[in-house]
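These are the residues of each chain, in order.
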Amino acid sequence: MSGEKRPVLWLLLIGLPIGFLGSLAGIGGGLFAGPLLHFAFRFELRRATGTALVLVLATALASTATEALQADSALQGRTIAVLAGGVVVGAWLGFHFSERAPERLLRAIFAVVLFLAGVRVFLSGSGAEPGTIGFTPAGMQLVTAALVGLGGGFAAPVLGVGGGLVMVPGLYLGLTGLGFDGARACSLAAGCVGATLSLFLKHRAGRVSWPHGVLLALGALVGAATGVLAKQSNVALLEFGRVILAAVLLYVSLRFAASLLAEGGRKETPVP
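Being a predicted model, the structure only gives us computed values, none of them experimental.

Another point: the overall build of the protein. Counting its regular elements, the protein contains 10 helices and zero strands. Along its sequence from the N terminus, the protein presents helices and strands in the succession α-α-α-α-α-α-α-α-α-α. Across the 272 residues in the protein, those meeting the buried criterion constitute 54%. Contacts in the protein between residues at least 24 apart in sequence constitute 86% of all its contacts with a sequence separation of at least 6. Total accessible area on the protein is roughly 11500 Å²; 72% of this is exposed by carbon and sulfur atoms.

Attention now moves to helix α4 (residues 77–100). When the terminal C-alpha atoms of α4 are compared, their 35 Å separation across 24 residues agrees well with the 34 Å that a helix rising 1.5 Å per residue should span. Taken together, the buried positions of α4 are Thr79, Ile80, Leu83, Ala84, Gly86, Val87, Gly90, Ala91, Gly94, Phe95 and Ser98.

With 87% of its residues at a pLDDT of at least 70, the protein reaches an overall mean of 83. Taken element by element, the protein is modelled with least confidence in helix α10 (residues 235–268), mean pLDDT 75, and with most confidence in helix α3 (residues 45–68), mean pLDDT 94. Contacts for the low-pLDDT stretch residues 132–136, under 50 throughout, to residues beyond four places or in other chains number 11 contacts.

The next subject is unusual backbone geometry. Within the chain, Arg42 stands out as a residue other than glycine whose phi angle is a positive 60°. Position of Arg42 relative to the elements: it lies in the loop between α2 (30–40) and α3.

One broad rule of soluble globular proteins: the nonpolar side chains tend to lie buried together. Within the largest apolar cluster, 23 residues are counted, with the highest numbers of intra-cluster contacts made by Leu11, Leu37, Leu55, Leu199 and Leu216. Of all the elements in the fold, those that place two or more residues in this core are α1 (10–25), α2, α3, α8 (179–204) and α9 (210–233). The greatest single-element share of this core, amounting to eight residues, is contributed by α3. Leaving out residues up to four positions away in the same chain, Leu55 has contacts with Gly15, Ile18, Gly28, Gly29, Gly30, Ala33, Gly213, Leu216, Ala217 and Ala220. Ile80, Leu83, Val168 and Leu171 belong to the second-largest nonpolar core, a separate cluster that totals 15 residues.

The next point concerns α2. Given 3.6 residues per turn, any residue in an α-helix points the same way as the ones three and four places further on. For α2, the buried fraction is high: nine of the 11 residues fall into the buried class. Buried within α2 we find Gly30, Leu31, Phe32, Ala33, Gly34, Pro35, Leu36, Leu37 and His38. Note on α2: the residue one or two positions beyond its end, Arg42, has a positive phi of about 60°.

The next thing to look at is the environment of Gly153. With respect to the helices and strands, the residue Gly153 is situated in helix α6 (residues 138–159). Its relative accessible area of 1% is what places Gly153 among the buried residues. Sequence separation between Gly153 and Leu197 is 44 residues; the distance between their C-alpha atoms is 9.2 Å. Those residues within four positions of Gly153 in sequence are excluded, and the remaining contacts are Val87, Gly90 and Ala91.

The geometry of an aromatic ring pair comes down to the distance between the two centres and the angle between the two planes. Under the counting rule described, the total for this entry stands at three aromatic pairs. For the pair Phe97 and Phe154, a centre-to-centre distance of 5.6 Å together with 40° between the ring planes defines the contact as tilted. With Phe97 in helix α4 and Phe154 in helix α6, this residue pair connects regions lying 57 residues apart in the sequence. What makes Phe97 partly exposed here is its relative accessible area of 31%.

The next thing to look at is the packing of α1 against α9. Remark: α1 packs on α9, axes separated minimally by 6 Å, with the N-to-C direction vectors making an angle of 40°. Accordingly, the angle class assigned to the pair α1 and α9 is oblique. Considering only the axes of α1 and α9, their crossing is right-handed. When the residues that make up the contact of α1 with α9 are grouped by side-chain class, the tally is 14 nonpolar, eight polar and one charged.

The rules we used
- Residues numbered from 1 in each chain as written.
- Predicted model: local features only at pLDDT ≥ 70, side-chain atom pairs only at ≥ 80, totals over all residues.
- Heavy atoms only, no water.
- Helix = DSSP H or I, 4+ residues; strand = E, 2+ residues; numbered from the N terminus.
- Buried < 20%, exposed > 50% of the residue type's maximum accessible area, 1.4 Å probe, protein only.
- Contact = heavy atoms within 4.5 Å.
- Areas by Shrake-Rupley, 256 points an atom, 1.4 Å probe, with all protein chains shown as cover.
- Expected span 1.5 Å × (residues − 1).
- pLDDT = per-residue confidence, 0-100.
- Core = buried A, V, L, I, M, F, W, Y, C linked by side-chain atoms within 4.5 Å.
- Phe/Tyr/Trp six-rings, centres within 6.5 Å; stacked < 30°, edge-to-face > 60°.
- Axes fitted to C-alpha atoms, helices over the stretch in contact; angles between N-to-C directions.
- Parallel < 35°, antiparallel > 145°, perpendicular 65-115°, else oblique.
- Left-handed = near helix turned anticlockwise from the far one by under 90°.
- Nonpolar A, V, L, I, M, F, W, Y, C, P; charged D, E, K, R; others polar.

Right under this line is the structure:
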């Protein structure tokens, strides 16, 4: 904790685009805030992901509240309820895993997940139809939603995210008729539960810097609400946001991979 840099007001401004893009893509924004705190503010990775959850919760809450106020809201109550149940179980499992796993392993997970997420976001604009996995019966759809929520909840404390990386593609491909907008909206709503539980667990373990997190969250509240309103009036903006999001995800994944390779090189260099 001694090597951390103090919070600065520009974190509030950074929270705006993070919340905006996170809202458009159904991802809470922890994928941006975690690496930012880790690299720019010298946070240990567990503390960076814990602090990022403050922004994730703000993004999820603002997005869901704004979406609920829209006449053509994409929220689906039953899907959200089943997702949230899976998220609660997954978040508990993910927290205990994140506290025991070596930091180098967490960074490797971050690099792989970010890369796969970037590829997924690029491909999601290719015109693929939703529900392509084919789980059409109602019972199977609910089972799928529960499993997707379990995976999303597990990711929340491990990576400092709202679980959207798992839930958005899982819902989009697994649930017939939901579509990307529905997957995005339901993921963020269930992410409120996962982020709240994960943030509580991280705070109890001393992994949250509230001054940094609150500044990011204040900007994210405005950015997330703006993202929902913007996609309502301009559908093409959602496609543009996904392309920008994917590019950033791929860049950050390469940054983590580079740091792992550099660390490995230092360990292998013999001492003269």
